[in-house]
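One letter stands for each residue in the lines below.
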Amino acid sequence: MKSASSVRAQLVQLMNSLGYKVELSAKRPKEYLNRIKKSILSGFFMQVAHLVKSGHYLTVKDNQTVAIHPSTSIDHKPEWVLYHEFVLTSKNYIRIVSEIKPKWLLQISPDYYDLDEFANNEIKKKLLKIKKKLEDNEDDSD
């Protein structure tokens, strides 16, 4: 946690030196956390796994069966996760995971998540439903 505080302090100092407004307290913690997750996802959009009906995770693009590493502190099995490390032992693990919303994938990296390029599987079907909802909401906002 010290490292995170140190990095945060450095970022605040940098932002101040560049003249950006820095909001030090989160008025809406969930929104604040989601912004951080989206930011991380924008760099790690290729490292996403989905919990499929059979109870295991598949990496989204290359369909590798993985499990969340036992050292991960997440206390439930989220449907969609962003992971930092792929650990290969006797079993394929993903480590350092965060729960994400699948619509972020389509919003943040639409070229990578071009569903025409996906294998016809459960992940593609879920993302197609989400894409349709996003498109319907765009139509409603006009």
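Below is a short write-up of the structure. What you see is a predicted model, and the numbers here were worked out from it, not measured in a lab.

Looking only at helices and strands, one finds four helices and five strands in the protein. From first element to last, N terminus to C terminus, the protein shows the α and β order α-α-β-β-β-β-β-α-α. C-alpha atoms of the protein, sized along the principal axes, occupy 50 × 50 × 25 Å. Counting across all 142 residues of the protein, residues that qualify as buried make up 29%. In the protein, the share of contacts with a sequence separation of at least 24, taken over all contacts with a separation of at least 6, comes to 53%. Surface accessibility of the protein: about 10000 Å² in total, with carbon and sulfur atoms responsible for 52%. A distance of 8 Å separates the average location of the 23 positive side-chain charges in the protein from that of its 18 negative side-chain charges.

Attention shifts here to the environment of Trp104. Mapped onto the elements of the fold, Trp104 is located in helix H3 (residues 102-108). The buried category is assigned to Trp104, whose relative accessible area is 3%. In this structure the C-alpha to C-alpha distance between Trp104 and Gln64, which are 40 residues apart in sequence, comes to 21 Å. Excluding residues within four positions of it along the chain, Trp104 makes contact with Asn34, Lys37, Lys38, Leu41 and Ser109.

With that out of the way, let us pick up the pattern of salt bridges. This model, assessed by the stated rule, comprises four salt bridges. Lys126 serves as the salt-bridge partner of Glu79, at 3.0 Å between the closest nitrogen and oxygen. Of the two residues, Glu79 sits in the loop between strand E3 (65-68) and strand E4 (80-88) while Lys126 sits in helix H4 (residues 122-141), which places them 47 residues apart along the sequence. We note a salt bridge from Glu85 to Arg95, for which the minimum N-O separation is 2.8 Å. Here Arg95 lies in strand E5 (residues 92-99) and Glu85 lies in strand E4, a separation of ten residues in the sequence. Judged by relative accessible area, Glu85 falls into the partly exposed class, the value being 26%.

Attention now goes to the packing of aromatic side chains. Overall, the coordinates contain three aromatic pairs when judged by the stated rule. Judged by centre distance (5.1 Å) and plane angle (75°), the rings of Tyr112 and Tyr113 are edge-to-face. Its relative accessible area of 22% is what places Tyr112 among the partly exposed residues. With a relative accessible area of 2%, Tyr113 lands in the buried category. Clustering of aromatic rings is evident, with ring pairs tying together Phe45, Tyr112, Tyr113 and Phe118. Its end group placed over the ring of Tyr112, Lys61 keeps NZ or CZ at 4.0 Å from the ring centre.

A word on a positive patch on the surface. On the surface, Lys30, Lys38, Lys101 and Lys103 cluster together into a positively charged patch. Along the chain, Lys30 turns up in helix H2 (residues 29-44).

What counts and how
- Residues numbered from 1 in each chain as written.
- Predicted model: local features only at pLDDT ≥ 70, side-chain atom pairs only at ≥ 80, totals over all residues.
- Heavy atoms only, no water.
- Helix = DSSP H or I, 4+ residues; strand = E, 2+ residues; numbered from the N terminus.
- Buried < 20%, exposed > 50% of the residue type's maximum accessible area, 1.4 Å probe, protein only.
- Contact = heavy atoms within 4.5 Å.
- Areas by Shrake-Rupley, 256 points an atom, 1.4 Å probe, with all protein chains shown as cover.
- Lys, Arg positive; Asp, Glu negative; His and termini not counted.
- Charge placed at Lys NZ, Arg CZ, Asp CG, Glu CD.
- Salt bridge = Lys/Arg side-chain N within 4 Å of Asp/Glu carboxyl O.
- Phe/Tyr/Trp six-rings, centres within 6.5 Å; stacked < 30°, edge-to-face > 60°.
- Lys NZ or Arg CZ within 6 Å of the ring centre and 35° of its normal.
- Patch = residues over 30% accessible without salt bridge, like charges linked within 9 Å, V, L, I, M, F, W, Y side chains within 5 Å.

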